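Structure at a glance
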Amino acid sequence: MSDNQLPIDDRQRKSTLIFFRIVLVMSIIGSSSNFFGYMFLGIQLPTFQSLYESGSMAPAIELASEAFGFDKNLLTASYESMLNVPRSFYLLSSFLYAMSLAGCIMMMCLRKNGFHYYTIAQLLIIIITVLFLGKEYVGIGNIMMTLLFVVYYYTSLRRLGLFSPKQEEDGINPQDNNENGQE
């Protein structure tokens, strides 16, 4: 009877692993784009502030307003809002997104520590956004998506055997190596 159940479990494990990696790719794309975006803003913020104060940004705001149909006053207010955020927020956010990205890559390699890196980074991103910008900048959707991904990653890793008592120190399920005849 156990011989008949093993292929079913193996198929479920493979399908879980495939979908898990697809979702991880989405997290990798999101974390890496946010890392580069926040790093760019953190590095270039003084330049953007001096351009805005000198009036050099007025033609660009006017052009964007006409080209995309944005309200010029709303666009100007958004730009000013971005410039008033402390530079440390952008740099700290980029670091946390890099930590989240590292966690995703580690989870892709089925390392349990990757889940912890990812979870801590995502929770700290929410916390620093509240601390620097205020709670009105963190929507319930952001919190729900973060929780959804964390719960999904935990349940998937548990299904894959990384949170079971039989796991190895490196986070790889011992069954994988024995079944495939590797190492």
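For the structure itself, consult the block above.
Residues numbered from 1 in each chain as written. Predicted model: local features only at pLDDT ≥ 70, side-chain atom pairs only at ≥ 80, totals over all residues. Heavy atoms only, no water.

A look at the overall build of the protein chain
For the protein chain, the count of helices and strands is seven helices and zero strands. Reading the helices (α) and strands (β) of the protein chain from amino to carboxyl end gives α-α-α-α-α-α-α. Across the 183 residues that make up the protein chain, the buried fraction comes to 32%. Contacts in the protein chain between residues far apart in sequence, at least 24 positions, make up 71% of those at least 6 positions apart. Summed over its atoms, the accessible surface of the protein chain is roughly 11,500 Å², and 63% of this surface lies on carbon and sulfur atoms. (Helix = DSSP H or I, 4+ residues; strand = E, 2+ residues; numbered from the N terminus. Buried < 20%, exposed > 50% of the residue type's maximum accessible area, 1.4 Å probe, protein only. Contact = heavy atoms within 4.5 Å. Areas by Shrake-Rupley, 256 points an atom, 1.4 Å probe, with all protein chains shown as cover.)

Focus: the packing of aromatic side chains
Under the definition given, this model contains 17 aromatic pairs. Aromatic side chains Tyr-52 and Tyr-79 sit 5.5 Å apart centroid to centroid with 45° between the ring planes, which places their arrangement in the tilted category. Of this pair, Tyr-52 sits in helix 1 (residues 2-54) while Tyr-79 is found in helix 3 (residues 72-83), placing the two residues 27 residues apart along the sequence. Its relative accessible area of 24% is what places Tyr-52 among the partly exposed residues. By relative accessible area, Tyr-79 is classed as buried at 14%. Ring pairing ties together the aromatic residues Phe-19, Phe-20, Tyr-118, Phe-149, Tyr-152 and Tyr-153, which thus form one cluster. (Phe/Tyr/Trp six-rings, centres within 6.5 Å; stacked < 30°, edge-to-face > 60°.)

Side note on the environment of Thr-146
Looking at the secondary structure, you find Thr-146 in helix 6 (residues 140-159). Look at Thr-146 and you get buried, because its relative accessible area is 9%. Residues Thr-146 and Gln-122, 24 residues apart in the sequence, show an inter-C-alpha distance of 6.8 Å. Looking at Thr-146, its side chain comes within polar contact range of the main-chain oxygen of Asn-142, at 2.9 Å. (Polar contact = N/O pair within 3.5 Å; in protein donor to acceptor, adjacent residues only side chain to side chain.)

Some details on a nonpolar patch on the surface
Together, Leu-92, Phe-95, Ile-120, Leu-124, Ile-127, Leu-131 and Phe-132 make up a nonpolar patch on the protein surface, roughly 640 Å² of accessible area in all. Elements that contribute at least two residues to the nonpolar patch include exactly helix 4 (87-108) and helix 5 (112-133). If you tally residues by element for the nonpolar patch, the top one is helix 5, at five residues. Assignment of secondary structure puts Leu-124 in helix 5. (Patch = residues over 30% accessible without salt bridge, like charges linked within 9 Å, V, L, I, M, F, W, Y side chains within 5 Å. Salt bridge = Lys/Arg side-chain N within 4 Å of Asp/Glu carboxyl O.)

Describing the pattern of salt bridges
Tallying each qualifying case throughout the model produces two salt bridges. Residue Asp-10 is joined to Lys-14 by a salt bridge in which the shortest nitrogen-to-oxygen separation is 3.7 Å. Of this pair, Asp-10 and Lys-14 both sit in helix 1, separated by four residues, roughly a single helical turn. Among the residues examined, Asp-10 registers a relative accessible area of 28% and is labelled partly exposed.

Concerning the packing of helix 4 against helix 5
When two helices pack together, you describe them by how their axes are tilted relative to each other and by the distance separating the axes. At a minimum axis distance of 7 Å, the contact between helix 4 and helix 5 shows a crossing angle of 160°. Between helix 4 and helix 5, the crossing angle belongs to the class labelled roughly antiparallel. Considering only the axes of helix 4 and helix 5, their crossing is left-handed. For the contact of helix 4 with helix 5, the class distribution of residues is 18 nonpolar, eight polar and no charged. (Axes fitted to C-alpha atoms, helices over the stretch in contact; angles between N-to-C directions. Parallel < 35°, antiparallel > 145°, perpendicular 65-115°, else oblique. Left-handed = near helix turned anticlockwise from the far one by under 90°. Nonpolar A, V, L, I, M, F, W, Y, C, P; charged D, E, K, R; others polar.)

Here's the deal with the side chain of Ser-65
Position of Ser-65 among the secondary structure elements: in helix 2 (residues 58-68). Ser-65 sits in the buried class, given a relative accessible area of 12%.

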